[in-house]
Each structure stands twice: as structure tokens, then as C-alpha cells.
Amino acid sequence: MHLPKQVKLVEVGPRDGLQNENTFIPTEIKIELIERLAATGLSSIELTSLVSPRWIPQLADHAEVIQQTQRLPDVEYSVLVPNQQGYDQALALGVSQFAVFTAASDSFCRKNINCSLAESLERYQSIVKDAKQKNFRVRGYISCALGCPYEGEISPKAVLNVAEALLAMGCDELSIGDTIGVGTPGKVKTLLKTLLDAGIDKKILAVHFHDTYGQALANIYLALELGISIVDTSVAGLGGCPYAKGASGNVATEDVLYMLQGLGIETGVDLDALLEVDAFICQHLKKPSRSKVALARAAQ
Ligand code: HMG
Ligand code: MG
């Protein structure tokens, strides 16, 4: 086994997790969530998205969240931008780490950001170029990499084409998203090997699994075996995508951390502190945690 010694967890709960909640969560709760997550030792956190409040009402307070969150010096805080308007707003708010997001499926792209896949890449070209000229870090998301709610099967080649386009425009990191959580380890292996065999550096690949079919941990383990060392997770397993019906939460940060600790892989994150954040947000949302580890610990 050649598992990485260290893994970077990218906490997407405040963005991917909360974007799916129907009842508006007060801005101060979002900020407290982010600040508590940073205090657990997580080194990379998605704050919010600069998307249209008509499309994602939950994140309509994006400017306040960006402006009012107290930052820790060694933590990366990023925001999603879907277009030039979002990028310009992010710049005006002093953001220096971005994620652009498209998909391996044209139909999903249209439902999610109201433009074709080709148009999305065209749109991001100038945004990424400008961000790189400013020395900012940019992540590129590829949704529906293992299946699409509208198109069904997605070929690894389709994912590779989008990955190469995002890298050519200058993205520093790619997050490979199983938006609807249909992937299994065999498919994940084929997909990741396609990307790696095409020459994409394993160091810049992140995996982003939703746990709809309970495959996320197995898929992550497979990715680790291929040398991937960046994993997207969401506290309490919050999440889903409003434009991918039936997609359940992201894999829970606690569950991934528990597995990594068991494997002796370093993350810098404190599990007990994370479980307190889980309890905080679940109490606020009046929902049980989707983290198996949180449920097991609560039962002890
Ligand atoms: P559109 O309607 O095509 O936009 O939406 P438009 O350019 O035609 O403008 C229409 C109106 O929207 C105008 O306002 C613009 O000002 C406004 P009006 O004049 O009518 O009052 N507008 C904006 N407002 C705020 N911020 C902006 C912005 N842009 C235009 N950036 C748009 C296009 C991209 C805005 C819309 O489709 C959108 O906001 N989509 C976001 C969807 C989203 O956030 N989805 C979830 C994130 S992706 C995800 O979860 C997957 C991921 O986790 C990975 C995985 O799991 O696979 C990343
Ligand atoms: Mg997601």
C-alpha cells in the first residue's frame, strides 16, 4: 500500500452543506460555524458562493459572511464564483482564493449555472487568467464526474476533456465531484487512472464525494491508494445540490477523519473538537448528524 502520509481535508460544509438547507440560517450561525471549523485544525474551508440569491437563497448573505468571518492565519478560505459578476464581487470583497465550477455533463451545467459546458469554460477563461495574474489560487470543480442526474453515465474521457481545459486556463487544483454519489470504487479507479495516465499530477487532484449510495469512504480509500491527498468533506455530512435531485450529503468530515486516523494519516484536525462543531450545527438545524462517528460517539 502506498497511502499518502498526509491528507488535506477541504471543508465544504458552510458552502456545499448549507446551500441545500431550505430555512434561512442566520448569518451569525454561518460565521460561528466557519470559525469553529477553523479552530479544529482544518486548513481549508469554503466560506460561501458568490452566486445569484435567486438561485441559492441560503447564501444570499455571502458578502456579510466574507466580510465578518474572523480568519486564522494558516487557513485557506475560498469562495465559489459562477461568472464574471461573482468574480468581480469577490475581488471587491478582498477574496484571494476562488473556485470555479462546471461539469462533465452539459445538461447539468445548464441546470446549475444556466449555460452550456462550452460556455462555462469560455466564461472561466478570463476569470482564471485574471486571478492567476494576481497570484490567487483557483480550484476548478468538475461535477457529475461519475454520473449525471440528467444524462446518466459519464465517460472518463468527458471528465478528462474538462480537466484539461481547466488546467490549460490555469487552475491550480481540480476537484472531481460525484455530485449525486453514484460512484463505486471500480468506477472511481477507472476515472482517476484515466486522469493520472493522461499526465495530470496526483498532487493537484481532489476528490469530492456525496454519500448518496454509501460509497464515499470506499471511494476515498481507493483514491488514497492512487496517491490522492486532497479530500473534500462536510461536517455532519451536510449537503446536497439543489440542481441534482436526490443527491444526499457530502461525506462527513468526522467519518473521513476517523478513517484517516485509523490509517495513521496526518490531517492536523482534532476529532473531538470537530464533533462539538457537528453538535453545534445539528442543534441549530434541528437535524440528526449524518456522520456515523458522531452518532456512535453520541450513543456512548
Ligand atoms: P442567470 O440567470 O443566467 O444570470 O444565472 P444572468 O447573467 O442572466 O443575470 C440574471 C440576474 O442574476 C441579474 O439580476 C444578475 O445581476 C444576477 P437582475 O438584473 O435580474 O436583477 N446575477 C448574479 N447575482 C449575484 N451573483 C452573481 C450573479 N450573476 C448574475 N454571480 C448564475 C446564472 C450563474 C448567476 C446562476 O445560474 C447561479 O447563481 N447558479 C448557481 C448555482 C449553484 O450555486 N449551484 C450549487 C453549487 S455547484 C455544486 O454544489 C457542486 C459542487 O459541490 C461539486 C459537486 O458536488 O459536484 C461544487
Ligand atoms: Mg458538492
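Overview of the structure. (Residues numbered from 1 in each chain as written. Chains lettered and ligands numbered in written order. Predicted model: local features only at pLDDT ≥ 70, side-chain atom pairs only at ≥ 80, totals over all residues. Heavy atoms only, no water.)

1. Side note on the coordination of the magnesium ion (ligand 2)
- In this structure, D16 (OD), H208 (NE2) and H210 (NE2) serve as the protein donors to the magnesium ion (ligand 2), at separations of 2.0 to 2.3 Å.
- Read from N- to C-terminus, the donor residues coordinating the magnesium ion (ligand 2) fall into the pattern D-x191-H-x1-H. One end of the pair, D16, is in helix 1 (residues 13–17); the other, H208, is in strand 7 (residues 205–209), with 192 residues separating them in the sequence. Grouping residues by exposure puts D16 and H208 together as buried. (Donors = N, O, S within 2.8 Å, 3.2 Å for Na, K, Ca; no water. Helix = DSSP H or I, 4+ residues; strand = E, 2+ residues; numbered from the N terminus. Buried < 20%, exposed > 50% of the residue type's maximum accessible area, 1.4 Å probe, protein only.)

2. As for the environment of S78
- Considering the arrangement of structural elements, one finds S78 in strand 3 (residues 76–81).
- For the pair S78 and Q97, spaced 19 residues apart in sequence, the C-alpha to C-alpha distance is 4.7 Å.
- Excluding residues within four positions of it along the chain, S78 makes contact with I45, E46, L47, T48, Q97 and F98. (Contact = heavy atoms within 4.5 Å.)

3. Considering the nonpolar core
- One finds L195 and I281 to be the most contacted residues of the largest nonpolar core, which totals 108 residues.
- With eight residues, helix 11 (residues 271–285) is the largest single contributor of residues to this core.
- In this structure L195 touches V159, L160, A163, I176, I200 and L205, once residues within four positions along its chain are discounted. (Core = buried A, V, L, I, M, F, W, Y, C linked by side-chain atoms within 4.5 Å.)

4. Topic: the state of the cysteines
- Inspection of every chain in the model, using the stated rule, returns zero disulfides.
- Lacking any disulfide linkage, C109 is separated from the closest cysteine sulfur, that of C115, by 4.7 Å. (Disulfide = S-S within 2.5 Å.)

5. Quick notes on the site of ligand 1
- The environment of ligand 1 is formed by 26 residues, the closest being Q19, N112, N114, S143 and T179.
- Take Q85: an N or O atom from its side chain is 3.0 Å from an oxygen atom of ligand 1.
- A distance of 3.4 Å is found between a nitrogen atom of ligand 1 and a backbone nitrogen or oxygen belonging to G86.
- Computed on the free molecule, ligand 1 has an accessible area of 1,100 Å², of which 76% lies beneath the protein chains in the complex.
- Broken down by secondary-structure element, the contributors of at least two residues to the shell around ligand 1 are helix 1, helix 4 (84–92), helix 5 (106–113) and strand 5 (137–143).
- Residues of the shell around ligand 1, tallied by class, amount to eleven nonpolar, twelve polar and three charged. (Near = heavy atom within 4 Å. Polar contact = N/O pair within 3.5 Å; in protein donor to acceptor, adjacent residues only side chain to side chain. Areas by Shrake-Rupley, 256 points an atom, 1.4 Å probe, with all protein chains shown as cover. Nonpolar A, V, L, I, M, F, W, Y, C, P; charged D, E, K, R; others polar.)

6. A word on unusual backbone geometry
- The backbone phi angle of A236 is positive, close to 65 degrees, even though this residue is not glycine.
- What makes A236 buried here is its relative accessible area of 2%.
- The phi dihedral of K286 falls on the positive side, at around 55 degrees, and the residue is not glycine.
- As for its placement among the helices and strands, K286 is situated in the loop between helix 11 and helix 12 (292–299).
- Relative accessible area serves as the criterion here: at 75%, K286 is assigned to the exposed category.

The values reported here are purely geometric and, on their own, carry no functional implication.
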